[in-house]
Amino acid sequence: MVNIYIPYHGLLFSLFRCSVKKREPNFSSRAGFGRFFVETAFLFPAFWPCFFALRKQYLNKILLQKGLESMKKITRRSCLEKITPYVPGKPVEEVERELGISGVIKMASNENPMGPSPLALQAIEKHLHRLHFYPDGNCYYLKQELAPFLGVKSGNIVVGNGADELITLLGAAYLEPGDEILVGHPSFSEYDFSARLMEAEPRRVPLHEHRFDLKAMAKEINPRTRLVFLCNPNNPTGTTVTHAEVEGLLQELPPEVLLVMDEAYCEYVDEESYPRSLELAKGRENVLVLRTFSKIYGLAGLRIGYGVGSEEIIKDLNTVREPFNVNALAQAAARAALEDREHFQAGFEANAEGKKFLQEEFERMALSYVPTQANFIFVDTGVDSRALFQELLQRGVIVRTGDIFGFPTFIRVTIGTREQNRYFIKCLEEVLKELSK
Ligand SMILES: Cc1ncc(COP(=O)(O)O)c(C=O)c1O
């Protein structure tokens, strides 16, 4: 009746009732009584001025509740349940502030401890005044320079916002719900992420003696397999497979399955038998090689990596990428970094020296480690890596714990500068003594 005679208050009343009904049922009896009193009072016109005065407050409450209810109704895709978000470490500055120390050393993300090439820094500075323009969406000049460097055509190259982006784009281009990707385990986690995002499943094949077991992987290929990710050198073990082993896998690979050779660390490799991946990619439609400027080129903060494959694959990846996926400073810096062979060589040599030093130190300390071909080492410390991590952190050294890879007593440590490596070993010895007391 009220609704008919006084439309405004009728609306208010029905909204009020509606909101009351939708509340959670666990009212205390006092609240229930209050509600009853308010509703009954509303039926008497003498109380309407009070309601009029309070209408704003009521309406706000009701609208807020409606807003919250509609928020609850946003449905996330079910695949999100299966994705463990990447947990980034705290910024070094924050760690320093919290611990009240300075000079914290990050040996956790396999970056180049020497930093970027000075030529790259100059190129960035030179480009700063052009930042109001969008970047070149085709990375034209970078591809022009990469092509002869790699011995391929521009049309065989796709550039991404880091190799990470290209891994995600591979999922977007090639995976349907229910498809499978084949990965080694433990390996780089972005492959799983790319699959899960597309409602596809990663099929994990355990490593054998810390190396990819390509024969075992070949046996796991089935009609649902779409992508095979070969991380070479593998993160976190630093191990490689040989050219002959990859050729063997390719013989077993159906033409509709794409082999992705992730070579983020290839520039550090010194093994003769390392695959000549570009050669393998050149002759085939179903091989894509991924590389990055984040590691030996020291440009991780700019996010730039590239893929090399057949024109068809490159076309597919260009179809699913954003038009301006690679920022202008990254393009300028990458071109300059590619030119600076001196800086590249110095990075390689420093890494080789650091690798030798750390591996010898691990031997002296009787710690078992996986001989590496990359810029990090996977080492068994024999103690809980999380406890070790905390103790090293207190001393200003950040490493990666092995539990995330299924190896709770291992850590993955990035090879640092000479001073960083020495300091790390000193701290590690101290901490191990303490933890084994
Ligand atoms: C094996 C591997 N692939 C790709 C990447 C990502 O490279 P980017 O920094 O170019 O995204 C990493 C980074 O750590 C990696 O370890």
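Anyway, here's the lowdown on the structure attached to this text.

Calculation criteria
- Residues numbered from 1 in each chain as written.
- Predicted model: local features only at pLDDT ≥ 70, side-chain atom pairs only at ≥ 80, totals over all residues.
- Helix = DSSP H or I, 4+ residues; strand = E, 2+ residues; numbered from the N terminus.
- Buried ≥ 20, exposed ≤ 12 C-beta atoms within 10 Å, placed from the backbone.
- Pairing = 2+ DSSP bridges.
- Axes fitted to C-alpha atoms, helices over the stretch in contact; angles between N-to-C directions.
- Contact = placed C-beta atoms within 7 Å.
- Right-handed = clockwise from strand over helix to strand, strands pointing away.
- Left-handed = near helix turned anticlockwise from the far one by under 90°.
- Nonpolar A, V, L, I, M, F, W, Y, C, P; charged D, E, K, R; others polar.

### As for unusual backbone geometry
In step 1: Of the consecutive residues His185 and Pro186, the connecting peptide bond is found in the cis state with omega at 5°.
In step 2: Its location among the elements puts Pro186 in the loop between β3 (180-185) and α9 (190-197).
In step 3: In this model, Asn235 is joined to Pro236 through a cis peptide bond whose omega is 25°.
In step 4: Relative to the elements of secondary structure, Pro236 occurs in the loop between β5 (225-231) and α11 (243-252).
In step 5: The phi dihedral of Glu209 falls on the positive side, at around 50°, and the residue is not glycine.
In step 6: Owing to 8 C-beta atoms within 10 Å, Glu209 belongs among the exposed residues under this scheme.
In step 7: Unlike most non-glycine residues, Arg303 shows phi in positive territory, near 65°.
In step 8: Mapping Arg303 onto the fold places it in the loop between β7 (287-292) and β8 (305-308).

### Topic: the sheet that holds β7
Each strand in a sheet pairs with another by means of backbone hydrogen bonds, the pair being arranged parallel or else antiparallel.
In step 1: Taken together, seven strands build an open sheet; the order of strands is β2-β8-β7-β6-β5-β3-β4 and the sheet is mixed. Two strands bound the open sheet, and with one partner strand each, they are β2 (157-160) and β4 (201-206). Averaged over all adjacent pairs, the angle separating strand axes in this sheet is 25°, with direction ignored.
In step 2: Sitting on the sheet, helix α7 (residues 140-150) is in contact with β2 and β8, with an inclination near 125° to β2.

### Here's the deal with the pairing of β3
In step 1: Counting buried residues along β3, five of its six residues qualify, which places the element largely inside the surrounding structure.
In step 2: Bridge analysis of β3 against β4 gives six bridges, and the strand direction is parallel. Across the sheet, Gly184 pairs through a bridge with Val205, a residue of β4.
In step 3: For the crossover from β3 across α9 to β4, the handedness is right-handed.
In step 4: Where β3 lies against β5, three bridges are found, and the strand directions are parallel. Bridged to Glu180 within β5 is Thr225.

### Brief notes about the packing of helix α8 (residues 163-174) against α9
In step 1: Between α8 and α9, the least distance of the axes is 8 Å, while the angle of their chain directions is 35°. The element α8 and its partner α9 pack so that their crossing is right-handed. Where α8 approaches α9, its residues Asp164, Ile167, Thr168, Leu170 and Gly171 are matched on the opposing element by Glu190, Tyr191, Ser194, Ala195 and Leu197.
In step 2: Here the residues of the contact of α8 with α9 are counted per class, giving five nonpolar, three polar and two charged.

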